[in-house]
Amino acid sequence: MTKEQVEIKAAERQALGKKAKKLKASGQIPAVVYGRKFPATAIAIDLKEFTKKVLQSDAGHNLIFNLNVAAGEKSKNVPVITQQVQRNPLNGEIIHLDLRHIVMDEAIKTSVPVELIGTPIGVKDSGGVLVHGLREIEIKCLPGNIPDKFEIDVAQLAINTSLHVSDLKAAQEIEVLSDPAEMIANVSPPTKEEEAAAQPTFAAEGAPAEGTAAEAAASAAAGKPGEKAAPATAGKPAAETKSAAAGATAGKASEPKKK
Amino acid sequence: MVLFPTKTKFRKHQRGRLRGLAAAGCTLNFGEFGLQAVEGGYLTTNQIESARKALTHYLKRGGKVWVRTLADKIKTARPAETRMGGGKGAPEAFMAPVKRGHIIFELGGTTMEDAKAAFRLASFKLPLTTRFMVKI
C-alpha cells in the first residue's frame, strides 16, 4: 500500500460521446468516476498530471488518490482507484479513464503486477529463455492492503520448470483470485531454426486437397512431384462435384479461348 | 511451423473488408516486444513463415517467438493469360486477414536492440507497414 497522498483536479464535463474528443486539444482526457456509493459522473482530467502522479508512481494503476471534482463553484474530494485505462492500439495514447470510488472498509478486486527477480539457472547454464506468463495477478482485499507488486524469485528455475500462482506467498489478508494452476514464469528451451516446414498444398483443380491439405503435403513428400492429386469427389454433394469439374476445366485451359 | 487449416468447410472464401482498427490481438500478451501492423492487409503462409524464419535466424539460440496470426482464409487466383469468365479462380494459398493495430509477432527473452534488429529484418518479408512495440 502506498502512503503518499496524491490529489488530482478534475472537472465535470458536459461534452459527452464523440464531443469528448475535443478535450484532447486542451491536454485533457475524458474520464468517468463511479462506485457503489457514488453516481457515475463524466469528468475531464489533465493527462500530464494523471500520468506523472498516478501511472508513474510505484503503485501504478493501484494507487489510491483523491480526486477533486469541481462542479460549478462547488467541489468535492473523492478517494478513487484507476479501474481501466483505454489506449489507442496504434500509438498507445490514453483515450479514456475509468476511476472507481472506493470505500476503505470494503474489499475490492484488483490486479497487481508481478516482478521476476534474479536470473534463472536454466538461463545462465543451459541457455534457456525465461518466459513471463501471467503478468498481473487478480486479488481481493481491502484498499489499504493492496501491494504495489508481487516480487518472485526465479533464480532457482531450471530449464523446463515453471512457477505457478499456487507457489505465490501472499499475505494473509489478501485473497488470490487467479487460477492456482496458471503459469507465472517458465524457463523454456530457446527457439530453434527449423527445417522446411509443411506448406499448404492444393489439389490440381485448386481445392485445398479436398479436405486435408496435410494429406496432399504427405503425398507430395512421398516422391510424386509430377503426379497431380486426383480430385477426391467421393461422398461430395452433386453440386460440389460439378463445381470441382468446372474448376478443373478452367485450370486446364491455359490458352485463350477461341471465339 | 506456420499454421493453416487442414480441412475447410468451403473451397473458396469471400474476401470481406478490412476497415477500422483491430478489436482483438492488439495487446502484447506473451512477450515483451511485438511487431504491429500499421495498415491492414493480407499475409500469406509463405510471408508469415519467411518473416518467422528471419526472426529465429537472427536470434540464433536466444529468445522466443510467438506468431499471433493464423492464415485461415483461402486466396484464389486465375491462371495466367486467361480471359475473364468461367467462374471464380482456383484456390492458391491460405492467408491471414490483418487489420490495423494487430500484432503479428511477439518476442521474449531477448534485449531490445536484438528485438528491434530482428523485427526490422522480419518486416522486410511482410507486405504491410509495421511498427516495433514494447510492453508498457
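Quick caveat, the model's predicted, so the values are computed rather than measured.

Calculation notes
Residues numbered from 1 in each chain as written. Chains lettered and ligands numbered in written order. Predicted model: local features only at pLDDT ≥ 70, side-chain atom pairs only at ≥ 80, totals over all residues. Heavy atoms only, no water. pLDDT = per-residue confidence, 0-100. Contact = heavy atoms within 4.5 Å. Pairing = 2+ DSSP bridges. Helix = DSSP H or I, 4+ residues; strand = E, 2+ residues; numbered from the N terminus. Buried < 20%, exposed > 50% of the residue type's maximum accessible area, 1.4 Å probe, protein only.

## Some thoughts on the confidence of the model for chain A
A low pLDDT means the predicted coordinates there should not be read in detail.
Line of reasoning, step 1. Considering every residue of chain A, the mean pLDDT works out to 76; 73% of them sit at 70 or more.
Line of reasoning, step 2. Counting contacts from residues 209-259 of chain A, a segment whose pLDDT is below 50, to residues more than four positions away or on other chains yields 45 contacts.

## So, the pairing of strand 3 (residues 38-46) of chain A
Residue and element names in this part refer to chain A.
Line of reasoning, step 1. Here three bridges tie strand 1 (residues 7-12) to strand 3, and the two strands are oriented antiparallel to one another. Bridging across to strand 3, A11 finds its partner in A44.
Line of reasoning, step 2. When strand 2 (residues 28-35) meets strand 3, the two strands line up antiparallel, connected through seven bridges. Residue pairing in the sheet places V33 in a bridge with T41 of strand 3.
Line of reasoning, step 3. Here strand 2 folds back onto strand 3 in antiparallel fashion, the turn holding two residues.

## Considerations on unusual backbone geometry
Line of reasoning, step 1. One non-glycine residue, N160 of chain A, lies in positive phi territory at about 65°.
Line of reasoning, step 2. Structurally, N160 of chain A can be placed in the loop between strand 10 (150-153) and strand 11 (162-164).
Line of reasoning, step 3. Accessibility expressed as a relative area gives 56% for N160 of chain A, which makes it exposed.
Line of reasoning, step 4. Phi angles above zero are rare outside glycine, and E81 of chain B is one such case at about 60°.
Line of reasoning, step 5. With respect to the helices and strands, E81 of chain B occurs in the loop between strand 4 (73-77) and strand 5 (90-98).

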